[in-house]
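Here is what each chain is made of, one letter per residue.
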Amino acid sequence: MNIIRLVILIESLAVLVYWIGDTAIDFISMDLSAGSTSARLMSAFLGLPHEIYTRLLFVIIIIFIGWLFIRLYSKLEKSEAARRESEAIYRELFHNTNDAILLISAGEDGPPEKFIEVNDSACRYLGYTKEELLTVGPLQIVPTDQHHVLIEVEKMMRSEGKALFEIAHAAKDGRRIPVEVDTHEIILRDRKCYLSVVRDISKRKAFEKALRLAQFSIDNAREALFWITQDGRFGFVNAAACDLLGYTKEELLSMTVHDIDPNFQKEAWTRHWDRLIH
């Protein structure tokens, strides 16, 4: 609760209590002067003049109300402390994750508009400051030739409320960064938004490219290459191996080494395999 609102509330209640208490004192004093038996008996029992008795009663009421206010304020303080701790944990998680996190506002007809929150990882991989990113939206960090991907993503978001896709982002220095984006539609303060978790997959793409190149090199090598498993079956053969033996690739992959070399029957192959791995 806002501290100013709390102070105003306490002051208002204090004025109300004072007015009620003052009215009660006047009423009791009038009751005593009128000869009320119950009031006079109470005053006589306490051994105090009726004016002190009424003032004392008023002080007790004020102390009780003050105690209630202290209890209420203590609970509010604990609640506020818990909220601050929760926000601190959220900030640590939000800004210290390796993945970029982008919170995007949605327009009236659904398409994303601008970034309304970004974490530190997003700023680092794109090369922008947070202030710069909060003035733009997804269209400004996606190359023009990738805008068709956003159109497809928008269709998925409308039908499923989430989307997992790959796209390229354009950094401030002009670099194209391949990324994987996991986007979900959320409601934040009664407003539709998109929460996107973005992972840089540059290393994965480089590895896949190297793997394709290695595969191409093996497939097109002039030497016959065979990959043989422990049980003697062909796990892989290249084009030169097929040309050498006169079989198609599919035929060789259904055969074993014993089928093409009678000298390597099962027992002989098992002994040969043991020597190779030991």
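Above this text sits the structure in question.
Description of the structure in this document. (Residues numbered from 1 in each chain as written. Predicted model: local features only at pLDDT ≥ 70, side-chain atom pairs only at ≥ 80, totals over all residues. Heavy atoms only, no water.)

In terms of regular secondary structure, the chain is built from 12 helices and seven strands. Each of the 278 residues in the chain was classed as buried or not, and the buried ones make up 28%. Intrachain contacts of the chain at a sequence separation of at least 6 include 37% that bridge at least 24 residues. Of the accessible surface of the chain, which amounts to about 19300 Å², a share of 60% is contributed by carbon and sulfur atoms. (Helix = DSSP H or I, 4+ residues; strand = E, 2+ residues; numbered from the N terminus. Buried < 20%, exposed > 50% of the residue type's maximum accessible area, 1.4 Å probe, protein only. Contact = heavy atoms within 4.5 Å. Areas by Shrake-Rupley, 256 points an atom, 1.4 Å probe, with all protein chains shown as cover.)

Of note in this structure, Arg-189 is not a glycine but carries a positive phi near 55°. Within the fold, Arg-189 resides in the loop between β4 (176-188) and β5 (191-200). Arg-189 sits in the exposed class, given a relative accessible area of 77%. For Asp-190, which is not a glycine, the phi torsion comes out positive at approximately 65°. With respect to the helices and strands, Asp-190 occurs in the loop between β4 and β5. Judged by its relative accessible area of 80%, Asp-190 is exposed.

Before going further, it helps to spend a moment on the packing of aromatic side chains. Within this structure, the stated rule accounts for two aromatic pairs. When the ring of Phe-226 is compared with that of Phe-234, the centres are 5.6 Å apart and the planes differ by 40°; the resulting orientation is tilted. Note on Trp-269 and Trp-273: the rings are 6.1 Å apart at their centroids and 50° apart in plane angle, and the pair reads as tilted. Separated by four residues within a single helix, Trp-269 and Trp-273 lie in helix α12 (residues 266-277), roughly one turn from each other. The class for Trp-273 is buried, based on a relative accessible area of 18%. (Phe/Tyr/Trp six-rings, centres within 6.5 Å; stacked < 30°, edge-to-face > 60°.)

A contiguous nonpolar surface patch, about 410 Å² in accessible area, is contributed by Phe-226, Leu-244, Leu-245, Tyr-247 and Ile-260. Within the secondary structure, Tyr-247 is located in the loop between α9 (239-245) and α10 (249-253). (Patch = residues over 30% accessible without salt bridge, like charges linked within 9 Å, V, L, I, M, F, W, Y side chains within 5 Å. Salt bridge = Lys/Arg side-chain N within 4 Å of Asp/Glu carboxyl O.)

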